[in-house]
Amino acid sequence: MQVHGNQYRAVWWDDGVVKFIDQRLIPYRFEVAEAHSLEDVVNAIVTMGVRGAPTIGVMAAYGLALAANQRQDLANARRILAQTRPTAVNLQAGLDSAMDDTPTRVLENAKHFDDSTVSAAEEIGENGNRLITPEMKILTHCNTGWLAAQDWGTAAAVIFKAQRAGKRPFIFVSETRPRLQGSRLTAWEMTNERVDHVIIVDSASALLMSRGEVDIVVVGADRIAANGDTANKIGTYAHALAAKAHDVPFYIAAPASTFDSGTPNGAAIEIEDRDANEVLSVEGAGGDDSILTLRIASPESGARNPAFDVTPAELITGIITERGVVRPSIRAIAAHLA
Ligand code: MRU
């Protein structure tokens with residue numbers, strides 16, 4: 001990703017330190033933060049300084065490398081990192097890839113996982129771009145771009161490749177309550193890539209589809225079960241239901257590391273429950289760009305905050321991966337990944 005003329009990944013290793021773009025501050029400020037210890041990496045993931053399934057996987061792999069560098073117990077470090085976010089399976093994939101009986105190899109493995117995450121994201125973009133026709137109107141949800149997948153993205157990589165191919169897509173960016181990854185992060189990335197877009201409230205998608213204003217939906221994934229049921233940011237399922245009702249193609253874009261053959265179906269996917277305060281308040285910037293938290297709910301009320309939902313395979317037209325496009329069925333997925 002290019003920011004202010006410099007090339008960045010969302011997370012990188014720099015001489016014994018893990019550096020990351022602090023996603024809690026975008027779009028108000030662009031700052032690079034540092035993790036010097038396993039605890040710093042855990043904190044960055046839990047508080048969403050680093051987020052997005054593929055990027056979390058890379059961050060966890062580098063967290064293990066930090067622990068190895070500091071001669072910590074790797075099995076214990078792995079257990080701690082694995083518990084930071086339960087739904088995104090890329091985190092487990094990053095840890096599996098980096099783990100090694102020889103501690104000096106952990107960093108090498110983590111760097112390899114990082115590079116393969118970036119190249120998979122670019123290939124997803126290229127494969128998805130084949131589905132995009134000139135001036136197509138695309139709806140996307142949450143953040144799936146540079147920040148979420150290290151460099152290119154997943155669903156957003158499809159959009160960036162189409163834009164760079166001169167197809168001039170138009171994007172409906174759903175704001176993605178409660179943390180607003182759409183209006184804060186995706187809209188910022190679209191602006192940087194000069195992609196024409198508008199932000200919509202999450203609940204506007206069915207109306208737009210009923211009016212024929214959306215040609216295709218492309219979203220990312222945090223875990224894809226063996227049968228194709230897909231966990232992604234809360235609100236994805238509602239977009240998929242609306243797409244089915246209005247005959248709009250609905251695609252998932254995700255790397256092979258997001259598939260979990262050990263989870264038979266969506267009902268078996270653990271859904272992360274996050275702090276109720278994310279629903280009861282909203283964060284934004286004040287006039288001086290300082291970040292403010294405003295309470296937006298009746299003071300006596302509580303909230304439920306499931307962070308992900310599961311879209312059943314029958315609502316998904318296809319899954320775009322670095323290997324091509326696969327139908328969401330047990331057989332097709334197993335053959336695609338073999
Ligand atoms: O809670 P987040 O912001 O980590 O959730 C991210 C998403 O749900 C993305 O859509 C997902 O990771 C898919 S692609 C990067």
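Residues numbered from 1 in each chain as written. Predicted model: local features only at pLDDT ≥ 70, side-chain atom pairs only at ≥ 80, totals over all residues. Heavy atoms only, no water.

**Examining the nonpolar core**
In terms of nonpolar packing, the biggest core is built from 68 residues, with Val11 and Met59 touching the most fellow members. When residues of this core are assigned to their parent elements, the largest contribution, twelve residues, is made by helix α2 (residues 53-69). By size, the runner-up hydrophobic cluster in this structure holds 25 residues, among which are Val214, Ile224, Ile316 and Ile319. (Core = buried A, V, L, I, M, F, W, Y, C linked by side-chain atoms within 4.5 Å. Buried < 20%, exposed > 50% of the residue type's maximum accessible area, 1.4 Å probe, protein only. Helix = DSSP H or I, 4+ residues; strand = E, 2+ residues; numbered from the N terminus.)

**As for the environment of Phe170**
Within the secondary structure, Phe170 sits in strand β7 (residues 170-174). Through-space distance from the C-alpha of Phe170 to that of Ala313 is 26 Å; in sequence the pair is 143 residues apart. Not counting the four nearest positions on each side in its chain, Phe170 is found in contact with Met136, Lys137, Ile138, Asp196, His197 and Val198. (Contact = heavy atoms within 4.5 Å.)

**A short note on the sheet that holds strand β4 (residues 17-21)**
In spatial order, the strands read β3-β4-β5; together these three strands make up an open sheet with antiparallel pairing. Each edge of the sheet is formed by a strand with only one pairing partner; in this case those strands are β3 (11-14) and β5 (32-35). Neighbour to neighbour, the strand axes of the sheet diverge by 30° on average, direction disregarded. Here four bridges tie β3 to β4, and the two strands are oriented antiparallel to one another. Within β4, the residue paired with Val11 across the bridge is Phe20. On top of the sheet, α2 reaches β3, β4 and β5; it is set at about 20° to β3, its chief contact. (Pairing = 2+ DSSP bridges. Axes fitted to C-alpha atoms, helices over the stretch in contact; angles between N-to-C directions.)

**Some details on the site of the ligand**
Near the ligand you find 18 residues, and of these Arg51, Arg85, Asp222, Asn232 and Lys233 are the closest. Within the contact set of the ligand, an oxygen atom lies 2.9 Å away from a backbone nitrogen or oxygen of Ala53. In this structure, Arg85 approaches the ligand through a side-chain N or O atom, which is 2.8 Å from an oxygen atom. In the complex, the protein chains occlude 100% of the 410 Å² of accessible area that the ligand would expose alone. Taken together, the elements giving at least two residues each to the shell around the ligand come down to α2 and β11 (230-233). Each residue belonging to the shell around the ligand can be placed in one class, and the counts come to seven nonpolar, seven polar and four charged. (Near = heavy atom within 4 Å. Polar contact = N/O pair within 3.5 Å; in protein donor to acceptor, adjacent residues only side chain to side chain. Areas by Shrake-Rupley, 256 points an atom, 1.4 Å probe, with all protein chains shown as cover. Nonpolar A, V, L, I, M, F, W, Y, C, P; charged D, E, K, R; others polar.)

**Here's the deal with a nonpolar patch on the surface**
There is a patch of nonpolar side chains on the surface, built from Leu292, Leu294 and Ile296 and spanning about 270 Å² of accessible area. When you line up the elements, Leu294 lands in strand β15 (residues 291-295). By relative accessible area, which is 48% here, Leu294 ends up partly exposed. (Patch = residues over 30% accessible without salt bridge, like charges linked within 9 Å, V, L, I, M, F, W, Y side chains within 5 Å. Salt bridge = Lys/Arg side-chain N within 4 Å of Asp/Glu carboxyl O.)

**Structural notes on the packing of aromatic side chains**
Any aromatic ring pair is given by two values, namely how distant the centres are and how the planes are angled relative to each other. Enumeration over the complete set of coordinates arrives at seven aromatic pairs. When the ring of Tyr8 is compared with that of Trp12, the centres are 5.9 Å apart and the planes differ by 55°; the resulting orientation is tilted. Plain terms: the ring middles of Trp146 and Phe160 are 5.9 Å apart, the flat faces sit at 45° to each other, and that makes the pair tilted. With Trp146 in the loop between β6 (137-141) and α6 (155-164) and Phe160 in helix α6, this residue pair connects regions lying 14 residues apart in the sequence. The residues Trp146 and Phe160 share a single accessibility class, namely buried. Grouped by ring-pair contacts, the aromatic residues Tyr8, Trp12, Phe30, Trp146, Phe160 and Trp188 constitute a single cluster. Over the aromatic face of Trp152 sits the side chain of Lys161, whose NZ or CZ is 4.1 Å from the ring centroid. When the ring centre of Phe308 is taken as origin, the NZ or CZ atom of Lys233, which lies over that ring, is 4.3 Å away. (Phe/Tyr/Trp six-rings, centres within 6.5 Å; stacked < 30°, edge-to-face > 60°. Lys NZ or Arg CZ within 6 Å of the ring centre and 35° of its normal.)

**Describing the layout of surface pockets**
Where empty space is left becomes clear once a probe the size of a water molecule has been rolled over the atoms. Of the volumes computed, that of the largest pocket is approximately 410 Å³. Taken together, 21 residues form the lining of the largest pocket, with Thr47, Arg179, Arg184, Glu278 and Glu283 sitting closest to its centre. Looking at the lining of the largest pocket, the elements that each hand over two or more residues are α7 (181-192), α10 (277-280), β14 (281-285) and β15. When grouped by side-chain class, the residues that make up the lining of the largest pocket number seven nonpolar, six polar and eight charged. (1 Å grid on protein atoms, 1.4 Å probe; cavity = no way out; pocket = protein on both sides within 12 Å on 5 of 7 lines; lining within 4 Å. Points joined across faces, edges and corners; volume = space filled by probe spheres on them.)

**Describing empty space enclosed by the protein**
Taken as a whole and judged by the stated rule, the model has one cavity of 30 Å³ or more. By volume, the largest cavity amounts to about 160 Å³. In terms of lining residues, the largest cavity is bounded by 20 residues, among which Arg51, Gly52, Ala53, Asn143 and Asp222 are the most central. Looking at the lining of the largest cavity, the elements with two or more residues in it are α2 and β11. The element contributing the most residues to the lining of the largest cavity is α2, with three residues. Of the residues belonging to the lining of the largest cavity, the class tally is nine nonpolar, seven polar and four charged.

**A short note on the sheet that holds β7**
Here we have seven strands laid out as an open sheet, ordered β8-β7-β6-β9-β12-β17-β18, and mixed in their pairing. Looking at the sheet topology across the chains shown, the edges are occupied by β8 (196-200) and β18 (324-326). Averaged over all pairs of adjacent strands, the angle between strand axes in this sheet comes to 25°, irrespective of strand direction. For β7 and β8, the ladder comprises five bridges, and the chain directions are parallel. Across the sheet, residue Ile171 finds its bridge partner in β8, namely His197. Across the sheet, α6 lies against β6, β7, β9 (216-219), β12 (250-253) and β17 (318-321), angled at about 150° from β6, the strand it touches most.

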